[in-house]
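Structural overview
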Amino acid sequence: MNFLLFKNKFQYGFIAFITLFCNACKHDEKPLFTHEEVMAYVPKGPAKCFRQICLETNSNVRTTNNTVFPPDSVFATFLSETDPVKYADFCEKINLDAALLLAVPESGYATYRQTKETNVYPGMKGDFFGETLKELHKRKISGFGYICIGWQKKYSMAHPEYTEYPGGDSVHPLICLNSPYRDHIMELSREVLGNYPVDGLRYDILDQQSKCRCAGCQKLYAEMYHEPMPVEWPDWQHRQKFRLESIRRIVKDLYQVCKSVKPSVPVWQNWYDGTDYADITDVNSVDMAYLEFANPFRELFLNGVFEKEGIITGKVIENPKTRWKCLALGGKCYSYFFTDDKTGLPVDDKINKQWLENDLAKFYAQVRDAEEYFKDTKPVTNIAIIYNEQTRYHYDDYNRADYMKALRDITEPLLASGNPVRFISAQNLPKTPLEPYKALVIPETSGFSDEQLAVVKNFAEKGGHVIITGDALSYNAEGNPLPDFALGELMGVTRKEKPEAIKKVISDKNIPGDILKDGILPANLYTIEKPFTPVATKSGQTISFIQIPNDTRQPLVQVNQFGKGVFYYVSSSQMPEVTAAVLNYAGVLSPVKNDDPLRMAILSKKTGKNEWILHLLDKGEYFLRIDKKYCPATKSTSTYPANLKNLHIEYTNESIIITVKNDNDYAAVVLD
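Residues numbered from 1 in each chain as written. Predicted model: local features only at pLDDT ≥ 70, side-chain atom pairs only at ≥ 80, totals over all residues. Heavy atoms only, no water.

In this section: unusual backbone geometry. Backbone torsion omega between Tyr640 and Pro641 reads -10 degrees, so that peptide bond is classified as cis. By the element assignment, Pro641 lies in the loop between β27 (636-640) and β28 (647-651). The backbone of Trp271 shows a phi angle near 60 degrees, a positive value even though the residue is not glycine. Among the structural elements, Trp271 can be located in the loop between β7 (267-269) and β8 (289-291). (Helix = DSSP H or I, 4+ residues; strand = E, 2+ residues; numbered from the N terminus.)

With mixed pairing, the eight strands of this open sheet are ordered in space as β14-β13-β15-β16-β22-β21-β20-β18. Of all strands in the sheet, those bounded by a partner on one side alone are β14 (422-425) and β18 (525-527). Taking the axes of each pair of neighbouring strands and ignoring which way they run, one obtains an average angle of 20 degrees across the sheet. Pairing analysis gives three bridges linking β18 to strand β20 (residues 541-547), with the strands arranged parallel. The partner of Thr527 across the bridge, within β20, is Gln547. Across the face of the sheet, helix α14 (residues 450-461) comes into contact with β15 (439-443), β16 (465-469), β21 (553-562) and β22 (565-570) while running at roughly 120 degrees to β22. (Pairing = 2+ DSSP bridges. Axes fitted to C-alpha atoms, helices over the stretch in contact; angles between N-to-C directions. Contact = heavy atoms within 4.5 Å.)

For the rest of this paragraph, the subject is the side chain of Thr118. As for its position among the elements, Thr118 is in the loop between β2 (98-104) and α5 (128-138). Among the residues examined, Thr118 registers a relative accessible area of 3% and is labelled buried. Within the structure, Thr118 has its side chain in polar contact with the side chain of Lys154 (distance 3.1 Å). (Buried < 20%, exposed > 50% of the residue type's maximum accessible area, 1.4 Å probe, protein only. Polar contact = N/O pair within 3.5 Å; in protein donor to acceptor, adjacent residues only side chain to side chain.)

A few words on the nonpolar core. With 158 residues, the main nonpolar core has Phe423 and Tyr666 as its most contacted residues. Top contributing element to this core by residue count: helix α9 (residues 236-261), with nine residues. Not counting chain neighbours up to four residues away, the residues in contact with Tyr666 comprise Trp324, Ala370, Tyr373, Phe374, Ile613, His615, Leu616, Leu617, Tyr640 and Pro641. (Core = buried A, V, L, I, M, F, W, Y, C linked by side-chain atoms within 4.5 Å.)

Inspection of the secondary structure puts Lys154 in helix α6 (residues 153-158). On the basis of relative accessibility, which here comes to 7%, the residue Lys154 falls in the buried class. Residues Lys154 and Gly447, 293 residues apart in the sequence, show an inter-C-alpha distance of 42 Å.

What follows covers helix α4 (residues 84-93). Buried residues of α4: Pro84, Tyr87, Ala88, Phe90 and Cys91, and no others. For α4, the angular spread of the buried residues around the axis is 155 degrees, confining them to a single face. Turned more than 90 degrees from where α4 packs its buried face, Lys86 and Lys93 sit exposed. One side-chain oxygen at the N-terminal end of α4 lies 3.0 Å from the backbone nitrogen of Val85; it belongs to Asp83. (Arc of directions from axis to C-beta.)

The subject of this paragraph is the sheet that holds strand β9 (residues 311-314). If you trace the three strands from one edge of the open sheet to the other, you get β8-β9-β10, paired in parallel fashion. Of all the strands in the sheet, the pair left with one neighbour each is β8 and β10 (331-334). Within the sheet, the average angular offset between the axes of one strand and its neighbour, ignoring direction, is 25 degrees. Bridging between β9 and β10 involves four bridges; their strand directions are parallel. The partner of Gly314 across the bridge, within β10, is Tyr334.

Moving on: the packing of helix α13 (residues 401-416) against helix α16 (residues 576-585). When two helices pack together, their arrangement is captured by the angle between the axes and the distance separating the axes. Relative orientation of the contacting elements α13 and α16 amounts to 55 degrees, with a least axis distance of 9 Å. By the angle between their directions, the pair α13 and α16 is classed as oblique. Our pair here, α13 against α16, has a crossing hand that is right-handed. The residues of α16 that touch α13, namely those facing Asp409, Ile410 and Leu414, are Pro576, Thr579, Ala580 and Leu583. Looking at the contact of α13 with α16 residue by residue, the class counts come to five nonpolar, one polar and one charged. (Parallel < 35°, antiparallel > 145°, perpendicular 65-115°, else oblique. Left-handed = near helix turned anticlockwise from the far one by under 90°. Nonpolar A, V, L, I, M, F, W, Y, C, P; charged D, E, K, R; others polar.)

All right, on to the pattern of salt bridges then. Once their charged atoms are close, side chains differing in charge can pair, the charge on each being opposite to the other. Scanning the entire structure with this criterion turns up 32 salt bridges. With its nearest N and O atoms 3.6 Å apart, the salt bridge here joins Glu309 to Lys48. In this pair, Glu309 is assigned in the loop between α10 (296-306) and β9 and Lys48 in the loop between α2 (35-40) and β1 (52-56), connecting sequence segments 261 residues apart. Looking at Lys48, the relative accessible area reads 43%, which means it is partly exposed. Lys405 is paired through a salt bridge with Asp409; the nearest N and O atoms lie 2.6 Å apart. With Lys405 and Asp409 both in helix α13 and four residues apart, the pair spans about one turn of that helix. (Salt bridge = Lys/Arg side-chain N within 4 Å of Asp/Glu carboxyl O.)

Applying the stated criterion to the full structure yields zero disulfides. Not engaged in a disulfide, the cysteine Cys212 finds its nearest cysteine sulfur in Cys214; these two sulfurs lie 3.6 Å apart. (Disulfide = S-S within 2.5 Å.)

A few words now on the packing of aromatic side chains. Evaluation of the coordinates by the stated rule reveals 38 aromatic pairs. A ring pair is formed by Tyr387 and Tyr403, whose centres lie 5.3 Å apart and whose planes are at 15 degrees; its orientation type is stacked. One end of the pair, Tyr387, is in strand β13 (residues 383-387); the other, Tyr403, is in helix α13, with 16 residues separating them in the sequence. Relative accessible area serves as the criterion here: at 1%, Tyr403 is assigned to the buried category. One aromatic cluster is present, built from ring pairs that chain together Trp324, Phe363, Tyr364, Tyr373, Phe374, Tyr640 and Tyr666. Lys154 extends its terminal NZ or CZ atom over the ring of Tyr109, reaching a point 5.5 Å from the ring centre. Across from the ring centre of Phe545, 4.1 Å away, lies the NZ or CZ of Arg553, which sits over that ring. (Phe/Tyr/Trp six-rings, centres within 6.5 Å; stacked < 30°, edge-to-face > 60°. Lys NZ or Arg CZ within 6 Å of the ring centre and 35° of its normal.)

Rendered as structure tokens:
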């Protein structure tokens, strides 16, 4: 051990000893809540809260030196001037219905007093976490706990043997999830849930580093590969599978620990949404989906794949163009804002406190008034897109980017046209009723089990339309190429080349929102340089061909009847305009006809009621035609705002025709 490292560890150990000694003196203090009070409290979780934020101090401990833990004198001021009453009053003033409180922030110190597992901030006034939670509850504001997993400074500096700074990043340490650190996180979770009546618990920064060779890593590696763990990874596949399994296990184990303490408290994770590395197959290890950065496509994706009660949608507040769209698609508003170290409240300037008190408070007042139009609703659609996490395993590094782009490129224009597609995870496919859908779309998706393939086959046989694109159904669940398409006989095509021989070229160009228009059918020939899968036809009819300049033409769209339904194969996933034309060809039209993609309108249905909400999500003139097969309403019972002007509704036998000039950021029409 070099002298600097020894010195730092000694300094840290001395500080830790003194702080633990001082904290131990306070363990005899009477707890804020009795065990009976904590267990009896009925949490109001994030699924019921539309106006959430976090006033956070995480950023205040990010230093540029990864070898020096900030001295205790720095942390002596953290939360030293807190006033839980002022804190809760401020939350009420800006119209919150929930606040995320950092129980164990990135520093690694606790903001609650009832701990034996770690230190509280040395100069913290009172029990910031518990006292603030109590004041929030007095104002009927939910309080969620937070525990940082990755980037935790105190533990990483005390245990460099378990710590890595990926890519030389000096401020974001990753601590091994197989090391004794996992027990540390478990015990912190027990302390928070066992001593405080929280309304939910969130974990942050979920990833596994690659350099650790601790006893826990060696044990897991031996279980996975039946051999000792080598010093260097044999290949990237071993490294990444180990990374995924390490993450999967701690997510599952943390969930079980939380439920063993108090089953009614909802639990969720950041970095667990299909954009980061964690495998999201096991969605039963979280109670809510969390999206850190608002995005309507991701909103639809997570709502369907996770099948939870909505999505905590981060940074939706700061994005006026998408915030109402995300709410209409099931989102719950959330964001995080930097605060003063001492008070835990925002600094009083235009960027922080004044913006929250003016802009945020005004928007949250609107959300509060409009909440009834979002509660217990589901978007109305007749198209389902099948997602399978196993698809990622045939890409380098198991990276989903190409796969997600294929999903996004067809989803966004469908949404713009008024059809908010439903995503269905392949693992849920056998138990998901498919009667509401006229079409299943399978873009690039692979890794299906025999049971899942049987569901797709049965859907078509009973009269459904199945649209398969690109390399879909070409790989097994491990990412290995199949000899041919899994449903090639039903698709009417066979591969000309092995899937691993296909060159994948992903364009970053945005897909125009107007590709979905009634009456546009697949052209006979597309002369364009786009990646496609070469196939030979076996049965059915080829209705479209693709021809790369100076090359022979190849089948692009194959139509093959099966039972009462039809299989459609589109050989390119990078031509969503063709997939859109195939939907028209199949007669799968949007429940809401909206010819202007610049004016988004979404139809939702109240769960368990014959009541529909038409969300108008942009300003301007609308001309909409709602198909009565999806909304057999005969009257409008209310609008938001109540004085919505220039609204005209006409009811015919087949349609509800609505014309309106909307001057609001958000408006709604209730149909009954």
